[in-house]
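Here are the chains, one letter per residue:
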Amino acid sequence: MKKCSIVWIAVLVAAVMTHPSAVLAESAREAYDNGEVLLAKADFNGAMKAFAAAARADRSTPEYYQHYSLVRQVIALRKRLDTERNSAYWQRTAQSLHSFYISNGIYSEALPLDKRVHARLDTTASAVTLAETQLAMDLNAEASAVLEALDAGKATTAARALLGVALARNGKVEEARQLAEAIKLSDKAGPGTLYSVARLHGEIDNTDEALGLLKRTFESIAPSRLEDFKNHARKSREFAALASTAAFAKVLETKSKIAESKCSGGSSCAGCPMRGKCPSSQGN
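All values reported here derive from a predicted model rather than from experimental measurement. Every chain begins its residue count from 1, and numbering advances along the sequence as written. Under the rules for a predicted model, residues below a pLDDT of 70 receive no local features and side-chain atom pairs below 80 are neither given nor counted, while totals for whole chains, interfaces and linings still include all residues. Only hydrogens and water are removed before side-chain values are computed, so all heavy atoms of the structure are retained for them.

### Re the overall build of the protein chain
- Each helix is a run of H or I in the DSSP string that is no shorter than four residues. Each strand is a run of E no shorter than two, and both are numbered from the N terminus. Within the protein chain, the regular secondary structure consists of 14 helices and zero strands.
- Counting from the amino terminus, the protein chain carries its helices and strands in the arrangement α-α-α-α-α-α-α-α-α-α-α-α-α-α.
- Relative accessibility thresholds used throughout: buried, under 20% of the residue-type maximum; exposed, over 50%; partly exposed, between the two (1.4 Å probe, protein chains only). Expressed as a percentage of the 284 residues in the protein chain, the buried residues total 38%.
- Two residues qualify as a contact provided that any one of their heavy atoms is within 4.5 Å of a heavy atom in the partner residue. Put simply, 54% of the contacts in the protein chain that link residues at least 6 apart link residues at least 24 apart.

### Concerning unusual backbone geometry
- For A42, which is not a glycine, the phi torsion comes out positive at approximately 65°.
- You can see A42 is positioned in the loop between helix 2 (20-40) and helix 3 (44-57).

### As for the packing of helix 5 (residues 87-103) against helix 6 (residues 107-121)
- Across the interface, helix 5 lies against helix 6 with an axial gap of 9 Å and an inter-helix angle of 155°. Compared by their axis directions, helix 5 and helix 6 come out roughly antiparallel. Crossing angle aside, the handedness with which helix 5 passes helix 6 is left-handed. Residue-level inspection shows S87, W90, Q91, A94, L97, H98, Y101 and I102 of helix 5 in contact with helix 6, the latter providing Y107, E109, A110, L113, D114, R116, V117, R120 and L121.
- We call Asp, Glu, Lys and Arg charged. Ala, Val, Leu, Ile, Met, Phe, Trp, Tyr, Cys and Pro are nonpolar, and the rest, Gly among them, are polar. Within the contact of helix 5 with helix 6, the residues separate by chemical class into ten nonpolar, three polar and four charged. Inter-axis angles, ranging from 0 to 180 degrees, are taken between N-to-C directions of lines fitted to C-alpha atoms, where helices are fitted over the stretch in contact. Each angle receives one of four descriptions, namely roughly parallel if under 35 degrees, roughly antiparallel if over 145, roughly perpendicular if within 65 to 115, and oblique otherwise. Two helices that cross are described as forming a left-handed crossing if the nearer one is turned anticlockwise from the farther one by less than a right angle, and a right-handed crossing if clockwise.

### Remarks on the nonpolar core
- Joining through side-chain atoms within 4.5 Å is the link that ties buried Ala, Val, Leu, Ile, Met, Phe, Trp, Tyr and Cys residues into a set, and such a set is a nonpolar core. Ranked by size, the top nonpolar core spans 43 residues in total, and within it L147, L200, L214, F218, A233, F239 and F248 carry the most contacts.
- Contributing elements (two or more residues each) for this core: helix 7 (124-136), helix 8 (140-148), helix 9 (157-169), helix 10 (173-182), helix 11 (191-203), helix 12 (207-220), helix 13 (223-235) and helix 14 (246-251).
- Take this core: its biggest share by element is eight residues, from helix 9.
- Setting aside anything within four residues of it in sequence, one finds F239 in contact with Y195, A198, R199, G202, A210, L214, A233 and F248.
- In this structure, A31, M48, Y64 and F100 belong to the second largest nonpolar core, which totals 30 residues.

### Observations concerning the side chain of S126
- Looking at where S126 falls in the secondary structure, it is placed in helix 7.
- There is a polar contact of 2.9 Å between the side chain of S126 and the backbone oxygen of T123. Polar contacts, as used here, are pairs of N or O atoms within 3.5 Å; protein pairs need one atom able to donate a hydrogen and one able to accept it. Residues neighboring in sequence count only if both atoms are side-chain atoms.

### Description of helix 11
- Helix length check: helix 11, at 13 residues, gives a terminal C-alpha distance of 18 Å against a target of 18 Å (1.5 Å per residue), a fit within 8%.
- Taking burial as the measure, the 13 residues of helix 11 include eleven buried ones, the bulk of the element.
- Buried within helix 11 we find P191, L194, Y195, S196, V197, A198, R199, L200, H201, G202 and E203.
- Packing partners of the buried residues in helix 11 comprise helix 7, helix 9, helix 10, helix 12 and helix 13.
- Count one or two residues on from helix 11 and you reach D205, which has phi positive near 65°. By this rule, a helix spans an expected 1.5 Å times one less than how many residues it contains.

### Side note on the packing of helix 9 against helix 11
- Running from N to C, helix 9 and helix 11 cross one another at 20°; their axes reach a closest spacing of 8 Å. The angle between the axes of helix 9 and helix 11 places the two elements in the roughly parallel class. Crossing angle aside, the handedness with which helix 9 passes helix 11 is left-handed. Of helix 11, the residues touching helix 9 (which contributes T157, A158, A161, L162, G164, V165, A168 and R169) are T193, S196, V197, R199, L200 and E203.
- Looking at side-chain class alone, the contact of helix 9 with helix 11 contains seven nonpolar, four polar and three charged residues.

These results come straight from atomic positions and should not be treated as a statement about function.
Spelled out as structure tokens, the structure:
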């Protein structure tokens, strides 16, 4: 047995010496995958360490260092949220964290953050953001309560549409239908509003209206954001009954009619080649 073990050890050592890059790549991928698992559990420090280990083990894969850097930044933003006194910076910090949590499916962190933001700002936008998160978590009664609390004059079309979605999920389908019938969209409605109303029609089984509004949504969204909207639609509960149909597949082929600017579409202007030249960076 001892002789056999020695032979196997020799074989393993020879394999490592012969293919060191392959071994490192495998260990790097394992560390990265572990980081993804930890991130999903909202263990940010653990995820950061795992991504750092992946980046050290394999410097040829930029994705590993990018994830390490991003999670490190998120940890810093989380600390800043508790100490930032400037209201504008605080809001930006909260928005950045919300976007990160939602894009990574970390709703356990998004929900308390959105509640905190809404308690502080108490705006239509903060109510809609909170309700969106609650709907994603199937907290439909809570979403209804948040949106119903809005003053009639402050409720936007998107807010009314999401309220209809929440009501329908709570079994109040007739009320949801009445809301849908009352909504009149202008030709200038933005993609966010169009998409919210499309979700309402999808929830109450108004198939043609839902598909038509989805098509308008995709046509009116910038190319750099188009795939995000399509992915959301593919996974959305409101379109689940349509997801396997040819009509839905055809709508997903819709191309944007919006001319994309030269902006890189990154998370900030810091490393953008158009820095200082685009309208966004100039405050227009």
